[in-house]
Amino acid sequence: MEPPPLRKAGSRQEDGFGGPPGGVAAMGMVPNLRRSNSSLCRNRRPQFLNNCEKQANLSSWIPENIKKKECVHFVERSKLSDAGKVVCECGYTREQHLEEATRPYAFLSKEWDLKKHVREMPTDAFGDIVFTGLGQKMGKYVRISQDTPPSVIYHLMTQHWGLDVPNLLISVTGGAKDFHMKPRLKSIFRRGLVKVAQTTGAWVITGGSHTGVMKQVGEAVRGFSLSSSYSEGEVVTIGIATWGTVHNRESLIHPTGGFPAEYVMDEEGQGHLTCLDSNHSHFILVDDGTHGRYGVEIPLRARLEKFISEQTKERGGVAIKIPIACVVLEGGPGTLQTIYNAVTHGTPCVIVEGSGRVADVIAQVASLPVSEITIGLTRQKLGSLFPEMFETFTESRIVEWTKKIQDIVRRRQLLTIFREGKDGQQDVDVAILQALLKASRSHDGFGHENWDHQLKLAVAWNRVDIARSEIFTDERPWKPSELHPMMTAALIANKPEFVKLFLENGVQLTEFGTCDTLLYLYENLEPCCLFRYKLQKVLAEEPERPAPRLRMHHVAQVLRELLGDFSQPLYPRPRSSDQPRLLLPAPNLKLHVQGVSLRSLYKRSPRHVAFTMDPVRDLLIWAIVQNRRELAEIIWAQGWRFQTAVKEPSPHCPRRGYGGLPCSSVARGGLPSHKSQDCIAAALACSKILKQLSREEEDTDSLEEMLALADEYEQRAIGVFTECHRKDEERAQKLLVRVSEAWGKTTCLQLALEAKDMKFVSHGGVQAFLTKVWWGQLSVDNGLWRVVLCMLAFPLLATGLVSFRERRLQAVRGLARVRAFFSAPVVIFHLNTLSYFAFLCLFAYVLMVDFQPSPSGCECLIYLWLFSLVCEELRQLFCPPDECGLVKMVLLYLSDFWNKLDIAAILLFIVGLTCRLIPALLYPGRVILSLDFIMFCLRLMHIFTISKTLGPKIIIVKRMMKDVFFFLFLLAVWVVSFGVAKQAILIHNERRVEWIFRGAVYQSYLTIFGQIPAYVDGVNFNLDQCSPNGTDPYKPKCPESDSARQEPAFPEWLTVLLLCLYLLFTNILLLNLLIAMFNYTFQQVQERTDQIWKFQRHGLIEEYEGRPPAPPPFILLNHLHLFLQRVVLKNPAERRKPFKSKLEKNEEAALLSWEIYLKENYLQDQQFQQKQRPEQKIQDTRWTPWWTCWKWRV
């Protein structure tokens, strides 16, 4: 089984940048939604093979593709081994050879030849490795032939070992023996190496043994794994060692795979061999069929590193060749040759000065001109840095070293010398990344392609600090359009720091967020994203075959489901000739996206425009549906900021223009060109979307994150609204009810109500607005007693007993004041309350006193009264505040619990009235009407929700009712179990259904409240009070008894025991459980009573604001007038919408600019408060690493 073919270097896809609109290379790394795997569509979670299946696959694949080497001809060596044994020229003893190798006729030649006498065979050492006694997690290992193709090894690592393709390859080389490093330099090296590997997703390749530089790398990784400061990912350290030099390698031999193989590190008994380092995660053990020969792995390691560096890595739309860097510590002659080979092949090298020997030699001469690097200088350096072996250096060898050092220094652009404390450096990671960027410049010069490649590297490494210091410099002025592809890549890969960096360097969201860019972003949603799953369902329901491509109206369909039907689609379904507006000219980029050039994606469409994109809103939604907190924060905070200086709106302009400009000039050019500036509505919409998604999210962690983020955006909406309300109450209230075109023609208040953002609705500014609506044109300072007094005697209105908000009404007398008074919701409410109490009193009087065979006058008045209530319910059903279809009218009406109760009460009244009018059913009719009276009384609870005292208590009662229903289930189990057992023990074959119910359920239920059933203990046993045969319908059947002795025959001890247990569990356990549930509910609601009451207050205010002023039954006059206007005269409905306000463009522009200004104040205040926190001050005063101290560009 061959590994799949891999792309080679120099492919076209490396030249272009994979990004959509900056976007996707032809590889199609992220499939289109319609091509997604079906299992992913169903489960929204990737399905992984279990460990047994993985091991079985590995055990079958490795022997077919991975080989080892075995000596097949034993030729005795002239010298004995270190252990004094006879060995072959390969280094192994006779017992360690195959049987055929010891046959004398195996080969005619007696000269041992590595090429002839060593053969490849299926490997017998692979699987998981565990280091005994060290408590390390499992690693992977494999024994391979030195002739194994690198493509096979790469396939093994990425496909079977599950390693992610690296963004960077770091080859660490140097001294193979233990050497001394200064403690500070050692700490800097370890921290820097781990940081660059962890932050960039790099593979670190070493020799894998527990000695020298490999040991330093292993200890660095060990420190990383024990550190609590790093919590993301794992450092991949790959040790490539020689199989024949590994001590205790016999424990790794498992022909079918070691899962796991236990390896013992025995440094004392290793002799001239070496132990594997326990801190490496993967081991590739190179076998050439010999024992004890070092350096066998070097050619294969070089080929593997070269092969990996030729592969193309794609992620988030970024397509780059995997860069490689060589890091050198200390080292001897072999290390010099490694450096020479690296620079010859164009690999950048980082030399750590101070580590010793070769590294110090190169570091000390790297800055010298080549002409000054003489044989004498080389001799001097070798004498000082190689004192123990300087005697072995011959003159010819020194000349050879001098030539190699000169050749290395000639390519000084590939050399980076890391010196402790140089240029403020604190870690090796920046030196490694700078070396790669410097090498990239030396390869390609300083053209656009080179800078673009460097930026791709920085994004792939996720190192925004490198991008700031090395790429975004004065040498290269970036055009915003050139950053669009990388902006897309940063968004997809969820790299908020890069998004912020690109915004700082001129990227405009309004220019970046085209329709095609947005479509590409939605096509590349995370596989586990719930929104992606919902989009797949929408696409699957499309009648078009084959499956249609994703369009923005599909996204709008899912968004409307999340926002609610009260909103209009954000992206309407286009007609055949419609195209969305693309607002950008085509940037000059050589990119291709799914076979379509990027230039074509940005061209302005000449055809009819269906809708205008709102890039800021669209990108915010895209980030929110994926629960990406930091990205959404950046877009919300910076998306609506002005590109020029922001000034507070001038108070001198009568229309309150922006920055002193007249409102007309504000509309013409004083504001940004895009429309989506309503940040309060955006925050509330985000809260609504997140809360709706959380209801369907199955993953608990994601659900909690969504709810936390929803609360955060509610707090942001509160914060901005608080700033607005503090500045100007009237304008803040306009923001509440302004119709937002960007969010589906909804309002901030409507979004908050639909999202159940109780904190926002309970805000003082929102409540002040509701109170203002509640009092209508009356002044809110009027006492309630004055209002009631004027209701009962309206001529008092002429005396000025009540005041009005408008001076016009305050000055005039007559009909205008009467109309304004009786149209106020507070007056309508109290009139209807008095009317409803009168209706209940009259209803009770008829039921108890005046219920005649023929309806009396009072009863007829009740019928008229109820008819007016029915008419009012019909008006509420067919005249909603917003125009909508019949089905939506019905659903909207039935969404209110009290409307359902009204329907039930009216229907029950009709049933009772029907029975009452039939003489034979007069009494059943009265019974039904009596029950209906209870339902009408329950309707009073809705009326009293407006009371600040009774309203919260009613809310608590409603919550407790839910607790009761859950409790009844538990109670029913005990009641039925005890009742049936008691009935079966006491009574024999009771056939009367009503008495079975009495004995099994009714009596058991009454027992809870202290009514002990008779005959349980035989004390009150009396045969005269029961029916022996159960024939008397008014007496229960007698229990089991001895008729001769007149005594009970049932086991009294058993029934008494059952009764005691029953009372114990019901009276003590269950009832106390119910009390505890009530107490918990009370405390839970009591903490938020004020918020809940203020939130529910809106519904009652909205209901009575749109209600006709006359109370029932006089409301029939209003209904008659409405009927004549709408049905007879066909006049359109005049809808008063105090909760929705459509502003003029100039006024809206000025209002939104004022909102943006105050949002900036809010963000600055939040930033200041963050800095004032004690923990932040402590963190700021501590020493901070250099990478957190970049300068912001202005």
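Residues numbered from 1 in each chain as written. Predicted model: local features only at pLDDT ≥ 70, side-chain atom pairs only at ≥ 80, totals over all residues. Heavy atoms only, no water.

Peer 1: Sorry if this is basic, but what is going on with the packing of aromatic side chains here?
Peer 2: Pairs of aromatic rings are described using the distance from one ring centre to the other and the angle between the two planes. On inspection of all chains with the given rule, the structure shows 32 aromatic pairs. When the centroid spacing of 6.0 Å and the interplanar angle of 55 degrees are considered together, the rings of Phe131 and Phe283 count as tilted. Residue Phe131 is located in strand β3 (residues 126–131), and its partner Phe283 is located in strand β9 (residues 282–287); the two are separated by 152 residues in the primary sequence. Comparing Phe131 with Phe283, the two get one shared label, buried. An aromatic cluster is present here, built from Tyr836, Phe839, Phe843, Tyr863, Trp865, Phe909, Phe933 and Phe936 joined pairwise through their rings. Above the plane of the ring of Trp1154 lies Arg731, whose end atom (NZ or CZ) is 4.6 Å from the centre. (Phe/Tyr/Trp six-rings, centres within 6.5 Å; stacked < 30°, edge-to-face > 60°. Helix = DSSP H or I, 4+ residues; strand = E, 2+ residues; numbered from the N terminus. Buried < 20%, exposed > 50% of the residue type's maximum accessible area, 1.4 Å probe, protein only. Lys NZ or Arg CZ within 6 Å of the ring centre and 35° of its normal.)

Peer 1: Just to check I follow, could you spell out the side chain of Arg143 for this structure?
Peer 2: Within the fold, Arg143 resides in strand β4 (residues 139–145). The buried category is assigned to Arg143, whose relative accessible area is 4%. Here Arg143 is in contact with Ile66, Lys67, Lys68, Lys69, Glu70, Thr123, Asp124, Ala125, Trp243, Leu285 and Asp287, once residues within four sequence places are set aside. (Contact = heavy atoms within 4.5 Å.)

Peer 1: What am I meant to see in the nonpolar core here?
Peer 2: Ranked by internal contacts, the top residues of the largest apolar core, which has 159 residues, are Phe502, Tyr522, Phe531, Trp636 and Phe821. Take this core: its biggest share by element is 12 residues, from helix α35 (residues 825–848). Not counting the four nearest positions on each side in its chain, Phe502 is found in contact with Leu455, Val459, Phe472, Leu483, Met486, Met487, Ala490 and Val507. Counting 40 residues, the second-largest nonpolar core is a separate cluster that includes Leu193, Val213, Ile320 and Val327. (Core = buried A, V, L, I, M, F, W, Y, C linked by side-chain atoms within 4.5 Å.)

Peer 1: Sorry, what's going on with the pairing of strand β1 (residues 67–71) here?
Peer 2: When a strand is regular, its side chains alternate between the sheet's two faces. For β1, a buried count of four out of five residues is recorded, marking the element as mostly surrounded by other parts of the structure. Here β1 runs beside strand β2 (residues 118–122); their pairing, made up of five bridges, is antiparallel. Residue Lys68 lies in a different strand from β2, and its bridge partner there is Met121. (Pairing = 2+ DSSP bridges.)

Peer 1: Please clarify how the pattern of salt bridges should be interpreted in this entry.
Peer 2: Two side chains with opposite charge may pair up if their charged atoms get near one another. Inspection of every chain in the model, using the stated rule, returns 43 salt bridges. Put simply, Glu482 and Arg476 hold a salt bridge, and the shortest N to O gap is 2.9 Å. Relative accessible area serves as the criterion here: at 14%, Glu482 is assigned to the buried category. Given the relative accessible area of 11%, Arg476 is considered buried. One salt bridge in this structure joins Arg617 and Asp618, with 2.9 Å as the shortest N-O distance. Salt bridges linked by common partners bring Lys68, Glu70, Asp124, Arg143 and Asp287 together as one network. (Salt bridge = Lys/Arg side-chain N within 4 Å of Asp/Glu carboxyl O.)

Peer 1: How should the state of the cysteines be read in this particular structure?
Peer 2: Here is the idea: a disulfide is a covalent bond, and it sits between the sulfur atoms of two cysteines. Summed over the entire model, instances satisfying the criterion amount to one disulfide. The partner cysteine of Cys1026 in its disulfide is Cys1038, sulfur to sulfur 1.9 Å. Here the S-S torsion is close to 95 degrees, and the disulfide linking Cys1026 with Cys1038 is therefore right-handed. Residue Cys1026 is found in the loop between α42 (993–1008) and β19 (1041–1042), and its partner Cys1038 is found in the loop between α42 and β19; the two are separated by 12 residues along the sequence. No difference in accessibility class separates Cys1026 from Cys1038, as the two residues are buried. (Disulfide = S-S within 2.5 Å.)

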